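Chain by chain, the residues:
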Number of protein chains: 2
Amino acid sequence: MRDVDPVLAYRFLEAGPIVLVTTADAGRANIMTMGFHMVVRHAPPLIGVVIGPWDHSHAALVETRECVICVPTVDLARKVVDIGNCSGDDVDKFERFGLTPEPAAMVQAPHIRECLANIECRIADDRMASDYDLFLLEPVAIRYDDERKERRTLHHNGDGTFTVDGRTVDLRERMILWKALQKDI
Amino acid sequence: MRDVDPVLAYRFLEAGPIVLVTTADAGRANIMTMGFHMVVRHAPPLIGVVIGPWDHSHAALVETRECVICVPTVDLARKVVDIGNCSGDDVDKFERFGLTPEPAAMVQAPHIRECLANIECRIADDRMASDYDLFLLEPVAIRYDDERKERRTLHHNGDGTFTVDGRTVDLRERMILWKALQKDI
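To keep things clear, this report deals only with the structure shown in the data block. Residue numbers run consecutively from 1 along every chain, following the written order of its sequence. Chains and ligands are labelled sequentially in the order written, the chains with letters from A and the ligands with numbers from 1. Confidence filtering applies because this is a predicted model: local features only for residues at pLDDT of at least 70, side-chain atom pairs given and counted only at 80 or more, and all residues used for totals across whole chains, interfaces and linings. The side-chain figures draw on all heavy atoms in the structure; neither hydrogens nor water molecules are used.

**Side note on the relation of the copies chain B and chain A**
The operation relating the two chain copies consists of a rotation about an axis and a shift along that axis.
Then step 1. The two copies are related by a screw operation: chain B maps onto chain A through 180 degrees of rotation and 0.0 Å of translation along the axis, at an RMSD of 0.0 Å. Such a combination of turn and shift is consistent with a two-fold rotation axis.
Then step 2. Here, two residues are considered to be in contact whenever any of their heavy atoms come within 4.5 Å of each other. Interface overlap between copies: 100% of the residues of chain B at the interface are likewise at the interface in chain A, consistent with a symmetric, same-surface contact. Alignment of the copies relies on least squares applied to C-alpha atoms, considering only residues that score at least 70 for pLDDT in both.

**With respect to the interface of chain B and chain A**
Then step 1. Each side of the interface is counted separately: chain B has 59 residues, and chain A has 60 residues.
Then step 2. Buried area adds together the accessible area that both of two parts lose upon being put together, with accessible area traced by a 1.4 Å probe. Summing the contributions of chain B and of chain A, the shared interface buries around 5,600 Å²; its carbon and sulfur component is 58%.
Then step 3. When the buried area of chain B at its contact with chain A is split by residue, Glu14, Phe36 and Arg174 of chain B rank highest and sum to 12% of it.
Then step 4. In what follows, salt bridge is the name for a side-chain nitrogen of Lys or Arg lying within 4 Å of a carboxyl oxygen of Asp or Glu. Applying the counting criterion to the chain B and chain A interface returns six salt bridges.
Then step 5. Across the salt bridge formed by Asp159 of chain B and Arg11 of chain A, the nearest N and O atoms sit 3.1 Å from each other.

**Notes on the environment of Asp184 of chain B**
Then step 1. With respect to the element layout, Asp184 of chain B can be found in the segment after strand E12 (161-170).
Then step 2. Distance from Asp184 of chain B to Arg143 of chain B, taken between C-alpha atoms, is 14 Å for residues 41 residues apart in sequence. Elements are defined by DSSP. Helices are runs of H or I of four residues or more, strands are runs of E of two residues or more, and each kind is numbered from the N terminus.

**Examining unusual backbone geometry**
Then step 1. Pro44 of chain A follows Ala43 of chain A through a cis peptide bond whose omega is -10 degrees.
Then step 2. Looking at the element boundaries, Pro44 of chain A is found in the loop between strand E4 (37-41) and strand E5 (46-50).
Then step 3. One non-glycine residue with positive phi stands out, namely Arg65 of chain A, at about 60 degrees.
Then step 4. Tracing the backbone through its elements, the reader meets Arg65 of chain A in the loop between helix H2 (57-64) and strand E6 (66-71).
Then step 5. Here the phi dihedral of Asp133 of chain B falls at roughly 60 degrees; this positive angle occurs in a residue that is not glycine.
Then step 6. Only protein chains enter the calculation, and the probe is 1.4 Å; a residue is then buried if its accessible area is under 20% of its type maximum, exposed if over 50%, and partly exposed in between. Here Asp133 of chain B falls in the buried class, since its relative accessible area comes to 15%.

**Quick notes on H2 of chain A**
Residues and elements named next belong to chain A.
Then step 1. For H2, the full list of buried residues reads Ser57, His58, Ala60 and Leu61. Along H2, the residues classed as buried sweep out an arc of 165 degrees about the axis, all on the same side. Seen from the open side of H2, the exposed residues pointing more than 90 degrees away from its buried face are Ala59 and Glu63. This arc corresponds to the set of directions leading from the helix axis out to the C-beta atoms.

Any link to function would need more than the numbers given here.
Following this line, the structure appears as structure tokens:
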């Protein structure tokens, strides 16, 4: 496990993995599954997410203005889907799904120990929340599990099928204009 | 080739592929590469994209309020990177990269014949453009190449390396709450 500069959030999110999001309100933690997110800005880093009132986590996000974006890998595929198909109204999801909450550095919401990366975020701008449930988040800390073997993330095709990461194509030498982005994680 | 209901844009974009974006201003078409995009809403469909003044396409997008989001596959990997590393100021990118512009149904910007899907969009909301270069787009038409064999998309890891689609995990039977999303493309 290793702490990583929060400016590197784009390295975990631009590729479009399905993610989990934790919140905590009055000491009660919840987890949701989220497919609607994007990198908005490299630096200072900014992430866009859609979390709506249909999500139990919405109230905790609005109340605390904090959450953690957690990146799961393929070994967690069934849990990722099942977490998105039950509600924190009824269920303690950490308990039901056998996931381990760990304290975050900068926010009250917990990390999920089993995830590849945990990106702690605070709401930076919620002007678009009333119309579109779109929040802009500032990553404030990242913890990254650099020791785990399984690193393949999942990409939701929108219908309950997921594409698993395949091989990597390295075209870094062609990134003439964008070389500055090639920092080590 | 087949036309698809624009409400299905999420099926092409939620998984986070790197995309190309075409614009046309005063008859001059351009192409850019874009990694910063997300699905904002299923229906009516809404897509968030970041296109800034550092992109030559920005002026044409702002002027015409239209663009086409084109989804390339792995066979176009080098072109996708090279398109993102030169500027439409200097180059006719269709010509330089041997790509074929085709007329769109609803917008002036062209399709790219070689792409898996071409999603025609109009700006729906640009309130966040001045602060974040974030535009919300409404997909108005989709053409989909359902005959091509190569269907693997690319996911940008942010540093010039790209993850290629691997195998698919089908967890549709677990999508209890979200069954309505499982429409045929």
